[in-house]
Amino acid sequence: MKKTFVELDQLKKITQKYPTPFHLYDEKGIRENARRLYEAFSWNPGFKEYFAVKATPNPSLMKILKEEGCGVDCSSYTELMLSDAVGFKGDEIMFSSNMTPAEDFVLARQLNAIINLDDITHIDYLDRLTGLPETISCRYNPGGDFAINNAIMDTPGEAKYGFTRSQLSEGFKQLQAKGVKNFGLHAFLASNTTDNQYYPTLAKILFQTAVELKQETGAQISFVNFSGGIGIPYLPEQSPADIYAIAADVQKVYEEILVPADMGEVAIFTELGRFMTGPYGCLVATAVHQKHIYKEYIGLDACAANLMRPAMYGAYHHITVMGKEGQPCNHKYDITGGLCENNDKFAIDRMLPKIDMGDLIVIHDTGAHGYAMGYNYNGKLRSAEVLLKEDGSSELIRRTETPVDYFATFDFDKELKGQFINKYPEIFGQ
Ligand SMILES: *Cc1c(COP(=O)(O)O)cnc(C)c1O
């Protein structure tokens with residue numbers, strides 16, 4: 001049984017202040033989870049989580065994570081700007097980008113962020129742009145398949161990211177020749193996995209590679225970055241990853257490989273996104289239409305523009321009909337949004353209690369890669385984001401988009417703007 005982090009009465013009060021649809025986040029859940037992560041890795045004195053901003057780029061949530069000791073992982077100009085504005089400084093910012101535009105590198109260097117290079121050609125590119133920093137990280141792609149106990153998890157050989165193994169050796173030498181003093185090593189080999197062996201398996205690869213690189217080049221390696229990838233239980237029958245078991249197994253590998261190589265000072269970094277906020281957010285919508293044709297449809301006031309994962313990946317998101325948690329799931333529905341796209345379905349053939357118009361519908365686990373992947377297709381406007389605070393009160397942490405936002409990129413067109421102001425003064429003002 002998956003439970004919502006908010007009760008019906010509480011949610012009704014929130015919807016009186018903020019009309020649906022909106023994403024709701026659970027401050028308590030986010031803080032407690034971040035504390036568990038830090039506790040689990042407390043054996044590693046340099047441990048730091050760099051929250052992957054792309055998962056949930058909201059300044060209020062970034063502040064909460066900052067208070068819990070996290071840095072941020074950015075991959076674009078605007079993510080860097082946001083992190084800077086929220087108050088992350090220097091080595092609290094990891095810049096793990098790829099196919100990086102020049103201006104993004106320039107800003108990352110201005111902010112003194114730690115740069116994680118995605119490619120060997122970026123060494124010269126960055127050197128010519130800004131010169132190289134003293135500390136730099138390189139992203140490793142071991143190629144082939146990535147397997148845990150013979151089960152194939154992903155195919156790095158098909159992924160666009162990272163240096164090959166031989167490029168790492170060559171790259172470290174080039175960087176040393178250009179004056180780089182401290183190195184990091186990064187890899188991201190599997191996404192959204194709740195398998196507790198993912199990080200320990202990745203650790204083995206990265207630690208061994210770090211030892212080899214040190215032996216080959218004499219480079220001082222000060223951190224290893226496991227990136228993101230720890231998944232969450234989207235399915236009701238799925239168990240969550242056990243962060244304590246994961247961290248304990250990583251420690252064993254650390255003591256087996258790094259400590260004997262006189263590398264017992266290496267810090268462990270992570271760039272978790274989904275794991276940090278995914279379960280602690282939900283999309284709140286209202287059932288506004290029902291259709292009885294060849295199938296039974298329930299239409300929501302939210303659509304795939306608010307949550308793309310089901311349409312894009314066929315991803316499962318659990319659904320709770322608020323106030324009907326105890327009722328039998330004896331109705332089969334497609335739960336849809338209003339896009340002119342037949343893949344705009346939050347659920348297909350889902351067994352749920354009978355839904356009545358006006359029921360509040362909670363779509364679970366939208367706290368990461370939810371709002372963030374939203375888009376404006378069909379002229380749909382982005383929803384608000386609301387924080388359920390630890391004291392039970394709620395706070396608007398992003399307002400709903402309005403038509404003014406949607407049309408803002410035509411602001412050079414004075415005639416069009418005049419028409420909007422004339423015809424829709426209540427939206428555009430005088
Ligand atoms: C997306 C991404 C992450 C976060 O991934 P999650 O699956 O949300 O943990 C971390 N690092 C990099 C470089 C990424 O691209």
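Calculation criteria
- Residues numbered from 1 in each chain as written.
- Predicted model: local features only at pLDDT ≥ 70, side-chain atom pairs only at ≥ 80, totals over all residues.
- Heavy atoms only, no water.
- Helix = DSSP H or I, 4+ residues; strand = E, 2+ residues; numbered from the N terminus.
- Rg over C-alpha atoms; globule rule 2.2 N^0.38 Å.
- Buried < 20%, exposed > 50% of the residue type's maximum accessible area, 1.4 Å probe, protein only.
- Areas by Shrake-Rupley, 256 points an atom, 1.4 Å probe, with all protein chains shown as cover.
- Lys, Arg positive; Asp, Glu negative; His and termini not counted.
- Charge placed at Lys NZ, Arg CZ, Asp CG, Glu CD.
- Pairing = 2+ DSSP bridges.
- Axes fitted to C-alpha atoms, helices over the stretch in contact; angles between N-to-C directions.
- Contact = heavy atoms within 4.5 Å.
- Phe/Tyr/Trp six-rings, centres within 6.5 Å; stacked < 30°, edge-to-face > 60°.
- Disulfide = S-S within 2.5 Å.
- Domains from an automatic or database assignment.
- Buried area = accessible area lost by both parts, 1.4 Å probe.
- Salt bridge = Lys/Arg side-chain N within 4 Å of Asp/Glu carboxyl O.
- Nonpolar A, V, L, I, M, F, W, Y, C, P; charged D, E, K, R; others polar.

## Focus on the overall build of the protein chain
When helices and strands are counted, the protein chain shows 14 helices and 19 strands. Relative to the compact-globule value of 22 Å for 430 residues, the protein chain shows a C-alpha radius of gyration of 24 Å, a close match. If one aligns the C-alpha atoms of the protein chain with their principal axes, the spans along those axes are about 70 × 55 × 45 Å. Sorting the 430 residues of the protein chain into buried and exposed places 50% on the buried side. Here the protein chain displays about 19300 Å² of accessible surface, and carbon together with sulfur accounts for 50% of that area. In the protein chain, 42 side chains carry a positive charge and 56 a negative one; their mean positions are 4 Å apart.

## Re the sheet that holds strand β6 (residues 135-139)
What the eight strands build is a closed barrel, ordered β2-β3-β4-β5-β6-β9-β10-β11; its pairing is parallel. If you compare each strand with its neighbour and ignore which way they point, the axes differ by 25° on average. Relative to strand β10 (residues 220-225), strand β9 (residues 182-186) runs parallel, the two sharing five bridges. Pairing of G184 across the sheet is with F223, part of β10. Against the sheet, helix α5 (residues 102-110) engages β4 (93-96) and β5 (114-117), with an angle of about 145° to β5.

## Considerations on the packing of aromatic side chains
If you walk through the whole model with that rule in mind, you get 17 aromatic pairs. With a centroid separation of 5.1 Å and an interplanar angle of 65°, the aromatic rings of Y50 and F269 are classed as edge-to-face. Here F269 lies in strand β11 (residues 267-270) and Y50 lies in strand β2 (residues 48-52), a separation of 219 residues in the sequence. Where F207 meets Y254, the ring centres are 5.6 Å apart and the plane angle is 85°; that geometry is what we call edge-to-face.

## Notes on the state of the cysteines
Tallied over the full model, the rule gives zero disulfides. Sulfur of C74: no disulfide; nearest cysteine sulfur belongs to C70 and is 13 Å away. In this structure C74 comes out as buried when scored by relative accessible area, which is 1%. Lacking any disulfide linkage, C303 is separated from the closest cysteine sulfur, that of C340, by 10 Å.

## Quick word on the domain arrangement of the protein chain
Here the protein chain is partitioned into domain 1 (27-278) and domain 2 (279-406). On a C-alpha basis, the centres of domain 1 and domain 2 stand 32 Å from each other. If you look at the interface, domain 1 gives 27 residues, while domain 2 gives 21 residues. Taken together, the two surfaces of domain 1 and domain 2 that pack against each other cover about 2000 Å², and 56% of this comes from carbon and sulfur. Three residues, E27, Y234 and G278, lead the burial of domain 1 against domain 2; their summed loss comes to 31% of the area buried on that side. At the surface where domain 1 touches domain 2, the tally comes to one salt bridge. Contributions of two or more residues to the side of domain 1 that touches domain 2 are made by α2 (27-40), α3 (59-67) and α10 (274-277). Considering every element that reaches the side of domain 1 that touches domain 2, the biggest residue donor is α2, with seven residues. For the side of domain 1 that touches domain 2, the class distribution of residues is 12 nonpolar, nine polar and six charged.

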